[in-house]
Amino acid sequence: MSLDVSPHLLAEAENGEVRDQDFVETVRSSLPYAYDLIARLADELRSGTAEFTDNQTPPPSEKERGQLLRALSSDAIRGSLERHFGVALAFQNCHRVAAFRPEARGGATHTRFTSLRAQILNQSPELRDC
């Protein structure tokens, strides 16, 4: 299971729309490694002039790797984090996630990062089982 859903959030979902901030809080508490990593990338992006920031450090354990994979493989979780932090996320492998400014999505740098070529060049034997 990806998220630890509180009775309050479950009731909210059963009664209609879920508030973004309630969902993001559930993501933060359920997937703290993924949340904190994306928060750090968003902060680095906002405080600098680079076109994007990315993580190239493997997670400390499979538990954290699983959190990151769950966060980025769910459209709802990924989208809520993008809206919350005001970034566009791109993901290449089991830990290389990048944060772009939303307006950069589809631009030259974003397209290069998400290209087939970049995916292939970002592979290595140690990433095959991740």
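Residues numbered from 1 in each chain as written. Predicted model: local features only at pLDDT ≥ 70, side-chain atom pairs only at ≥ 80, totals over all residues. Heavy atoms only, no water.

Trainee: Looking at this structure, how should I read the packing of aromatic side chains?
Mentor: Two aromatic rings, taken as a pair, are described by how far apart their centres are and by the angle between their planes. In the structure shown here, the tally under the stated rule is four aromatic pairs. Consider the rings of Phe 100 and Phe 113, whose centres lie 5.7 Å apart with planes at 70°: the pair is edge-to-face. Here Phe 113 lies in helix α6 (residues 108-113) and Phe 100 lies in strand β3 (residues 97-100), a separation of 13 residues in the sequence. By relative accessible area, Phe 113 is classed as buried at 6%. What links up through ring pairs into an aromatic cluster is the set Phe 52, Phe 100 and Phe 113. (Phe/Tyr/Trp six-rings, centres within 6.5 Å; stacked < 30°, edge-to-face > 60°. Helix = DSSP H or I, 4+ residues; strand = E, 2+ residues; numbered from the N terminus. Buried < 20%, exposed > 50% of the residue type's maximum accessible area, 1.4 Å probe, protein only.)

Trainee: Explain the pattern of salt bridges here, please?
Mentor: Should their charged atoms come close, side chains of opposite charge can pair. Within the structure shown, the criterion is met by eight salt bridges. Measuring nitrogen to oxygen at the nearest pair gives 2.4 Å for the salt bridge that ties Glu 25 to Arg 28. A residue pair is termed a helical-turn pair when its members lie 3 or 4 positions apart in one helix, as Glu 25 and Arg 28 do in helix α2 (residues 20-30) at three residues. For Glu 25, a relative accessible area of 38% gives the class partly exposed. On the accessibility criterion, Arg 28 (35% relative accessible area) is partly exposed. Across the pair Glu 44 and Arg 40 runs a salt bridge, and its minimum N-O distance is 2.8 Å. Of this pair, Glu 44 and Arg 40 both sit in helix α3 (residues 32-47), separated by four residues, roughly a single helical turn. What makes Glu 44 partly exposed here is its relative accessible area of 35%. Taking relative accessible area as the criterion, Arg 40 reaches 34% and is therefore assigned partly exposed. (Salt bridge = Lys/Arg side-chain N within 4 Å of Asp/Glu carboxyl O.)

Trainee: Looking at this structure, I do not really get helix α4 (residues 62-73). What am I missing?
Mentor: One turn of the α-helix equals 3.6 residues, which is why residues spaced by three or four share an orientation. Taking 1.5 Å of rise per residue, the 12 residues of α4 would be expected to cover 16 Å, and the 16 Å separating its terminal C-alpha atoms lies within 8% of that figure. The elements touched by buried residues of α4 are α2, α3, α5 (75-85), β2 (88-91) and β3. The residue sitting at the N-terminus of α4 and contributing the capping side-chain oxygen is Ser 61; that oxygen lies 3.3 Å from the backbone nitrogen of Lys 63. (Expected span 1.5 Å × (residues − 1). Contact = heavy atoms within 4.5 Å. Polar contact = N/O pair within 3.5 Å; in protein donor to acceptor, adjacent residues only side chain to side chain.)

Trainee: Any chance you could explain α3 here in plain terms?
Mentor: Compared with the 22 Å implied by 1.5 Å per residue over 16 residues, the 22 Å span of α3 between its first and last C-alpha is a close match. Taken together, the buried positions of α3 are Tyr 33, Ala 34, Tyr 35, Leu 37, Ile 38, Ala 39, Leu 41, Ala 42 and Leu 45. Contacts made by the buried residues of α3 are with α2, β1 (52-54), α4, α5, β2 and β3.

Trainee: How should I be thinking about the nonpolar core in this particular structure?
Mentor: Among soluble globular proteins, nonpolar side chains are generally buried collectively. Membership of the largest hydrophobic core comes to 24 residues, with the highest contact counts inside it found for Ile 77, Leu 81 and Phe 85. When residues of this core are traced back to their parent elements, those giving at least two are α2, α3, α4, α5 and β3. The element that contributes the greatest number of residues to this core is α3, accounting for nine residues. Not counting chain neighbours up to four residues away, the residues in contact with Leu 81 comprise Val 27, Tyr 35, Ile 38, Ala 71 and Gly 86. Core analysis: the next-biggest nonpolar cluster, separate from the first, contains five residues, Ala 88, Ala 90, Ala 98 and Phe 113 among them. (Core = buried A, V, L, I, M, F, W, Y, C linked by side-chain atoms within 4.5 Å.)

Trainee: Got a minute to help me understand the pairing of β2 in this structure?
Mentor: On any regular strand, side chains alternate: one points to one face of the sheet, the next to the other face. As judged from the four bridges shared by β2 and β3, these two strands associate in the antiparallel manner. The residue of β3 that forms the bridge with Leu 89 is Ala 99. (Pairing = 2+ DSSP bridges.)

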